[in-house]
Amino acid sequence: MGKRGSRSQSQLLNTLTKKQKKHLRDFGEEHPFYDKVSRKEAKPQICQLSESSDTSSSESEAESEAEQVSGYHKLLATLKNVSEEDEEDEEEEEEEEDSVVDEAEMEDEDGDSDVSVEEETAAESPDMQESMALPADPEGKDGDRPRGTSQESPEEFTDAKHESLFSLETNFLEEDSGGNCSLKASQDPFLQHVSKELKEKEIQAVATNPKTTHQLKWPVLGQLVFSSKFQKLETFKPPKDIDLKSLHLQKPLESTWTKTNSQFLSGPQKSSSPFTPLQKELFLIMNSYRDLFYPERTALKNGEEIRHVYCLHVINHVLKANAQVLGNNSRRRSQKLGVGDDDDFRDQGLTRPKVLIVVPFREAALRVVQLFISLLEGDSKKKIIVSNKKRFKGEYGSDPEERPPNLKRPEDYEAVFVGNIDDHFRIGVAILQRSIRLYAPFYSSDILIASPLGLRTIIGGEGEKKRDFDFLSSIELLIIDQADIYLMQNWEHVLHLMNHMNLLPLDSHGVDFSRVRMWSLNNWSKYYRQTLLFGALQDAQINSVFNKYCVNVQGQVALRNVPMTGSISHVLVQLPHVFQRMEAENLASVIDARFNFFVNKILPQYHDAVMSHTLVYIPSYFDFVRLRNYFKKEELNFTHICEYTQKSAVSRARHFFLQGEKQFLLLTERFHFYKRYTIKGIRNLIFYELPTYPHFYSEVCNMLRATTRGEEAAWTCTVLYSKYDAQRLAAVVGVERAAQMLQSKKNVHLFITGER
């Protein structure tokens, strides 16, 4: 370098560009660009560039042509860029760049990333820069709202460090990964499903075609109803024995599944089949890419067993889809084909997320991710790369000491509300061969795991400025687990989600349209989306979602077993149960008909002081508000407890009711679901509507024995029902007795004594 020029500082400031002024302000001296270089021919200097060095932007090239200098940019090329994001010359993006660097530094200080520098830089080869990577959510649409927990920072964290490492466009299939071997088979159900071509006439006929159904009885699942709105309905029965090879599992799942699922296998079953009988039949349906509604998933019995098998299906689907993309990347590179030269390379959707798993609590998301890691890792000595694993465990794990040791609740309550029960979360997961990236930006993720509330806050509503649902446009596999719990949270969030599934995106998000499947471009993605719906009960609202939003071309399968014995058999007190039928013209008028029947027929019977200590159990919060307002208007002696009642007010209401100072107690079902308090002092019980959960009926009835003062003979239980409550009625009294009650068009008074 020569000596610095002798120009004055004022002249320099007038001639400096914005970037040069920034350098002067940061470093206190002029840039070496202004050195006077002698005309003598300098010796060439060889500078070895780092593999992760960023290429100069188009704007920088434009500046170099205008100023007719190249030494400045040659010097810049030798500088190693410490930032993980590409530098932008535009001043308006400098602040955004600084925030990314600060976030990366903060993450390193916390020790959240488990990906080593060597692994990261090794992945950033020149081959990766042949095509553009998926955008790392530049507008921050997947992190614009806090999740509402005390452990979170104001802005939602997303991993922006490992974009190139997990980019599908810039990576290629590893030769030793076993990659695409299963995809070569024409019998692979994944290939058959995504390669199936629909015609315009078939799509138009779906709206008018009647649904064709066929019933089959399987050994373990029981009564199954196969249905489809497309002309051809195919059914099948499970084989007695299945081989893992016949299931077309992607490597390494054939070897890792047996160990991951070993806790559910025992004795001779462990050596004969890697699946339990229930898992085998469920996976056969999942692997056929049919929609599935399974309403017998309980947290106590088979919840984890089912979670294991649908996680296997998810990983199998993602690995196959990504292997297809990476394999086509290698073919394009070897054949040197231009973009869009061959329709065989159409292997992806309009956006990258292909799987959405909806779970109610963070604990469920934690278990799902742990299963993903176990399925990819197995008993291999070579551990897989999991980025941000420590941060994930901190935010989604729980402290066992936080739970009171003397808290006594039913077993099903303990099974549902275990671990971290925060219900506001969402996280993106990217999977590439033997690596998992947690907290991936949504548009760089393969799998999205979220709660209905977490999705609702990002999807937004009409008129909101900050809303985004483009990431739902190409979901190929939707899993809604523990659907019954969403009835206790907010079912409107589930309906809002379903209304925004598989819509055409408003932005391209950097997609290569020559690689997008034709049925995705035609906005037919919803006909190729597989929906798996798991819950603990048959409910009209859940059935409605399955019937309305599941239009998979492969058809639907629903479990329709009927309860032979109802939950009334678990009532342990000698109690007369009076079921009073009310009439309603249609489903829309049931709410008003029930209110009028209760006010005019039921309530007058309890005005006498003899009928004190009356508990009114109300499943719907809206019905609760309506009754509370009516009781206030009529100045009845009552108190009330709902899910929004403060703890002190709950204690006062329970005390007043026990002492007889309040004649009526209005209790909501959601309060009972979340608290499970034993209400003492009940003598008369009124079910304003049949409970959502059948076992709640016996639980509430058994509360009468909490205070035994020789008043058993005066106990009463009254239940209101209509013909539209057939499913709930059958779950309480059994299907045969429910059929008899529903056939009678008159008001029926049945006196049923619970069994001890």
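Bear in mind that the values here come from a model prediction, so they are computed numbers and not experimental data.

*Asks:* Would you mind going over the pattern of salt bridges with me for this structure?
*Replies:* Proximity of charged atoms lets side chains of opposite charge pair with each other. In the structure shown here, the tally under the stated rule is 23 salt bridges. Linking arginine 626 and aspartate 592 is a salt bridge whose minimum nitrogen-to-oxygen distance equals 2.9 Å. You can see arginine 626 sitting in helix H22 (residues 621–633) and its partner aspartate 592 sitting in helix H21 (residues 590–602), a full 34 residues away along the chain. Owing to a relative accessible area of 39%, aspartate 592 belongs among the partly exposed residues under this scheme. Each member of the salt-bridge network shares a partner with another, and the members are Arg297, Glu304, Arg307, Glu363, Arg367 and Asp481.

*Asks:* Can you walk me through the side chain of arginine 529 in this structure?
*Replies:* Looking at the secondary structure, you find arginine 529 in the loop between helix H19 (518–521) and strand E10 (530–534). Although arginine 529 is buried, it makes no salt bridge; aspartate 291 carries the closest opposite charge, 6.2 Å away. Reaching out from arginine 529, the side chain makes a polar contact with the side chain of threonine 531 at a distance of 3.1 Å. If near-sequence neighbours (up to four positions away) are discounted, arginine 529 is found in contact with Asp291, Ile475, Glu476, Leu477, Leu478, Met498, Met501, Asn502, Tyr549 and Asn552.

*Asks:* In this structure, what is going on with helix H26 (residues 726–733)? I would like to understand it.
*Replies:* Owing to its 3.6 residues per turn, the α-helix aligns residues three or four sequence positions apart on the same side. Within H26, six of the eight residues are buried, which leaves it mostly tucked inside the rest of the structure. Check the buried side of H26 and you find it contacts strand E12 (576–581), helix H25 (694–702), strand E17 (716–721) and helix H27 (735–743). In the segment just after H26, glycine 734 is the residue with positive phi, at about 95 degrees.

*Asks:* Would you explain unusual backbone geometry in this entry?
*Replies:* If a residue is not glycine, its phi is most likely negative; likewise, a peptide bond is most likely trans. Residue proline 252 is bonded to the preceding lysine 251 through a cis peptide linkage, with omega at 5 degrees. The phi dihedral of asparagine 502 is positive, around 55 degrees, even though this residue is not glycine. Relative to the helices and strands, asparagine 502 resides in the loop between helix H18 (491–499) and H19.

*Asks:* So what exactly am I meant to see when it comes to the packing of aromatic side chains here?
*Replies:* Each aromatic ring pair is described using two quantities: the centre-to-centre distance and the angle formed by the ring planes. The final tally for this structure, using the stated rule, is 32 aromatic pairs. Ring geometry for phenylalanine 442 against phenylalanine 471: centres 4.9 Å apart, planes inclined by 75 degrees, an arrangement best described as edge-to-face. One end of the pair, phenylalanine 442, is in the loop between strand E7 (435–438) and strand E8 (447–450); the other, phenylalanine 471, is in the loop between helix H16 (452–459) and strand E9 (477–480), and 29 residues separate them in sequence. Since its relative accessible area comes to 0%, phenylalanine 471 is described here as buried. When the ring of tyrosine 443 is compared with that of phenylalanine 471, the centres are 6.4 Å apart and the planes differ by 75 degrees; the resulting orientation is edge-to-face. With tyrosine 443 in the loop between E7 and E8 and phenylalanine 471 in the loop between H16 and E9, the pair connects residues that are 28 residues apart, well separated along the chain.

*Asks:* Got a minute to help me understand the environment of leucine 284 in this structure?
*Replies:* Mapped onto the secondary structure, leucine 284 falls in helix H11 (residues 277–287). Note on leucine 284: relative accessible area 14%, which makes it buried. Taking the C-alpha atoms as reference points, leucine 284 and proline 238, separated by 46 residues in sequence, lie 7.3 Å from one another. With residues up to four places along the chain from it excluded, the contact list for leucine 284 reads Phe236, Pro238, Pro239, Ile242 and Leu247.

*Asks:* In this structure, what is going on with the nonpolar core? I would like to understand it.
*Replies:* It is characteristic of soluble globular proteins that their nonpolar side chains tend to be buried jointly. Leu356, Leu472, Phe579, Phe687 and Tyr697 are the most contacted members of the largest nonpolar core, which has 76 residues in total. For this core, the leading source of residues is helix H17 (residues 483–489), giving five residues. Apart from residues lying up to four places away in sequence, leucine 356 is in contact with Leu448, Leu455, Leu472, Ile475, Leu477, Leu478, Ile479, Leu497 and Met501. Ranked by size, the runner-up nonpolar core spans 62 residues in total, among them Leu247, Tyr310, Ala365 and Val368.

*Asks:* I tried to follow H22 on my own but got confused; where do I start?
*Replies:* Taking 1.5 Å as the rise per residue, H22 with 13 residues should run 18 Å; its terminal C-alpha atoms sit 18 Å apart, in good agreement. Taken together, the buried positions of H22 are Asp623, Phe624, Leu627, Arg628 and Phe631. Taken around the axis of H22, the buried residues stretch over an arc of 135 degrees, which confines them to a single face. Opposite its buried face, H22 presents the exposed residues Phe622 and Lys633, each directed more than 90 degrees away. Structurally, H22 contributes buried residues whose contacts are with H21, strand E13 (614–618), strand E14 (638–641) and strand E15 (664–668). With a side-chain oxygen positioned 3.3 Å from the backbone nitrogen of phenylalanine 622, the residue opening H22 is serine 620. After H22 finishes, the residue glutamate 635 shows a positive phi value of roughly 55 degrees.

*Asks:* How do you make sense of the sheet that holds E7 when you look at a structure like this?
*Replies:* Backbone-to-backbone hydrogen bonds join strands into a sheet, with any given pair of strands oriented parallel or antiparallel. Spatial strand order, E1-E2-E11-E3-E10-E9-E4-E8-E6-E7-E5: eleven strands in an open sheet with mixed pairing. Taken across any chain shown, the strands that pair with only one partner, and hence form the sheet edges, are strand E1 (212–218) and strand E5 (385–387). Strand after strand, the sheet turns through a mean of 15 degrees between neighbouring axes, direction not considered. When strand E4 (residues 355–358) meets E9, the two strands line up parallel, connected through four bridges. What sits directly across from leucine 356, in E9, is leucine 478. Of the strands in this sheet, E5, strand E6 (426–432) and E7 touch helix H14 (residues 389–396), which is tilted by about 150 degrees from E6.

Conventions used here
- Residues numbered from 1 in each chain as written.
- Predicted model: local features only at pLDDT ≥ 70, side-chain atom pairs only at ≥ 80, totals over all residues.
- Heavy atoms only, no water.
- Salt bridge = Lys/Arg side-chain N within 4 Å of Asp/Glu carboxyl O.
- Helix = DSSP H or I, 4+ residues; strand = E, 2+ residues; numbered from the N terminus.
- Buried < 20%, exposed > 50% of the residue type's maximum accessible area, 1.4 Å probe, protein only.
- Lys, Arg positive; Asp, Glu negative; His and termini not counted.
- Polar contact = N/O pair within 3.5 Å; in protein donor to acceptor, adjacent residues only side chain to side chain.
- Contact = heavy atoms within 4.5 Å.
- Phe/Tyr/Trp six-rings, centres within 6.5 Å; stacked < 30°, edge-to-face > 60°.
- Core = buried A, V, L, I, M, F, W, Y, C linked by side-chain atoms within 4.5 Å.
- Expected span 1.5 Å × (residues − 1).
- Arc of directions from axis to C-beta.
- Pairing = 2+ DSSP bridges.
- Axes fitted to C-alpha atoms, helices over the stretch in contact; angles between N-to-C directions.

Limitation: the analysis is restricted to geometry and does not speak to function.
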